[in-house]
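Here's the letter readout for the chains.
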Amino acid sequence: MTNTLQSPAVQKVLDRLFEDAKRDDDVRSPGGDGFSYESATAQERADALAGIYMPISAAGGALLYSLVRAARPTTVVEFGTSYGISTIYLAAAVADNGIGQVLTTELSETKIAAAQANLTEAGVANQVKILPGDALTTLADVPGPIGLLLLDGWKDLCLPVLRLLEDRLAPGALVVADDITFTTMSDYLTYVRTPTNGYVTTEFPVEDGMEISCRT
Ligand SMILES: C[S@@+](CC[C@H](N)C(=O)[O-])C[C@H]1O[C@@H](n2cnc3c(N)ncnc32)[C@H](O)[C@@H]1O
């Protein structure tokens, strides 16, 4: 069975990106002195943090690859491309399924250009379409059924993006949210953990935590 994740091209790009992402913590004050993350718009935050990767972990990536291989979705949607690390895992699985596409969205122009180059270098660009702009606009008309949704943009927007796409989730769709230990994810977690909202949900304990929710 083919495993594109193990191809030299993918390994080389992922190794380099994870290495580069280790420098995230060296950036002392993104946006410069006086920049307020809380009062900034999503675009201002994206521009201020354009040099910061904030990727999923390699274990989280392996999980996403396996979920996409198992579910064989025709449409995978990702909120928050950044430099393309998570997108590469999703696209590798779609390539190995031989069916489907990844639609991913990102606000930072710098990151969009870099992610496109990284996906091309990894050999998985044909499986991915990057939608430039604000997820609440770019994903508004994405056609369903969506088989897997990865939520990894600004945390206060994960619930609004889920609600935006909810009517296009396939029965049994998987929704994966990253960084669930962040306090800014509490509204999201309350929502998917309330059974009457239509999810069976569980926590995957990796790095800052992932929530995996199945649309019932
Ligand atoms: C945590 S990073 C994503 C990391 C990426 N999934 C990975 O594993 O490499 C979050 C990204 O979401 C983007 N973002 C935040 N809010 C957005 C929005 N409203 N629309 C599109 N992109 C957004 C940010 O610019 C940032 O690059």
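Above this note sits the structure.
Residues numbered from 1 in each chain as written. Predicted model: local features only at pLDDT ≥ 70, side-chain atom pairs only at ≥ 80, totals over all residues. Heavy atoms only, no water.

**Here we look at empty space enclosed by the protein**
- Applying the stated rule across the entire model yields one cavity of 30 Å³ or more.
- Residue lining of the largest cavity: Ile56, Ser57, Asp178, Asp179, Val206, Glu207, Asp208 and Met210, and that is the complete set.
- Across the lining of the largest cavity, the residue classes break down as three nonpolar, one polar and four charged. (1 Å grid on protein atoms, 1.4 Å probe; cavity = no way out; pocket = protein on both sides within 12 Å on 5 of 7 lines; lining within 4 Å. Points joined across faces, edges and corners; volume = space filled by probe spheres on them. Nonpolar A, V, L, I, M, F, W, Y, C, P; charged D, E, K, R; others polar.)

**Description of the site of the ligand**
- Taken together, 23 residues surround the ligand, and among them Gly80, Ser86, Glu106, Lys111 and Asp152 come closest.
- Interatomic distance of 2.7 Å between a side-chain N/O atom of aspartate 152 and a nitrogen atom of the ligand.
- Its free accessible area being 610 Å², the ligand has 99% of it covered by the protein chains.
- When atom positions are compared with the pocket grids, the ligand is found to occupy the largest pocket. (Near = heavy atom within 4 Å. Polar contact = N/O pair within 3.5 Å; in protein donor to acceptor, adjacent residues only side chain to side chain. Areas by Shrake-Rupley, 256 points an atom, 1.4 Å probe, with all protein chains shown as cover. Sits in = over half its atoms within 2 Å of the grid points.)

**Concerning the nonpolar core**
- With 40 residues, the main nonpolar core has Ile88 and Leu90 as its most contacted residues.
- Breaking this core down by element, the ones donating at least two residues are α1 (8-21), α3 (58-71), α4 (85-97), α5 (109-122), β3 (128-132), β4 (146-151), β5 (169-178) and β7 (210-215).
- Take this core: its biggest share by element is eight residues, from α4.
- The contacts of leucine 90, once residues within four sequence positions are left out, are Leu64, Val68, Val76, Glu78, Val102, Leu148 and Leu150.
- With 34 residues, the next largest nonpolar core counts Leu49, Leu103, Leu151 and Leu189 among its residues. (Core = buried A, V, L, I, M, F, W, Y, C linked by side-chain atoms within 4.5 Å. Buried < 20%, exposed > 50% of the residue type's maximum accessible area, 1.4 Å probe, protein only. Helix = DSSP H or I, 4+ residues; strand = E, 2+ residues; numbered from the N terminus. Contact = heavy atoms within 4.5 Å.)

**Considering α5**
- A rise of 1.5 Å per residue sets the reference length of α5, with its 14 residues, at 20 Å; its end C-alpha atoms lie 20 Å apart and thus fit the reference within 8%.
- Here the buried face of α5 lies against α1, α4, β2 (101-106) and β3.
- At the exit of α5 stands glycine 123, carrying a positive phi of roughly 85°. (Expected span 1.5 Å × (residues − 1).)

**Considering the sheet that holds β2**
- With mixed pairing, seven strands are arranged side by side in an open sheet as β3-β2-β1-β4-β5-β7-β6. With partners counted over all chains shown, the strands left at the sheet margins are β3 and β6 (199-204), one partner each. Recorded for the sheet is a direction-independent mean angle of 15° between the axes of neighbouring strands.
- In this structure, β4 lies alongside β5, joined through five bridges in parallel fashion. (Pairing = 2+ DSSP bridges. Axes fitted to C-alpha atoms, helices over the stretch in contact; angles between N-to-C directions.)

Function cannot be read off these values alone, since they describe shape.
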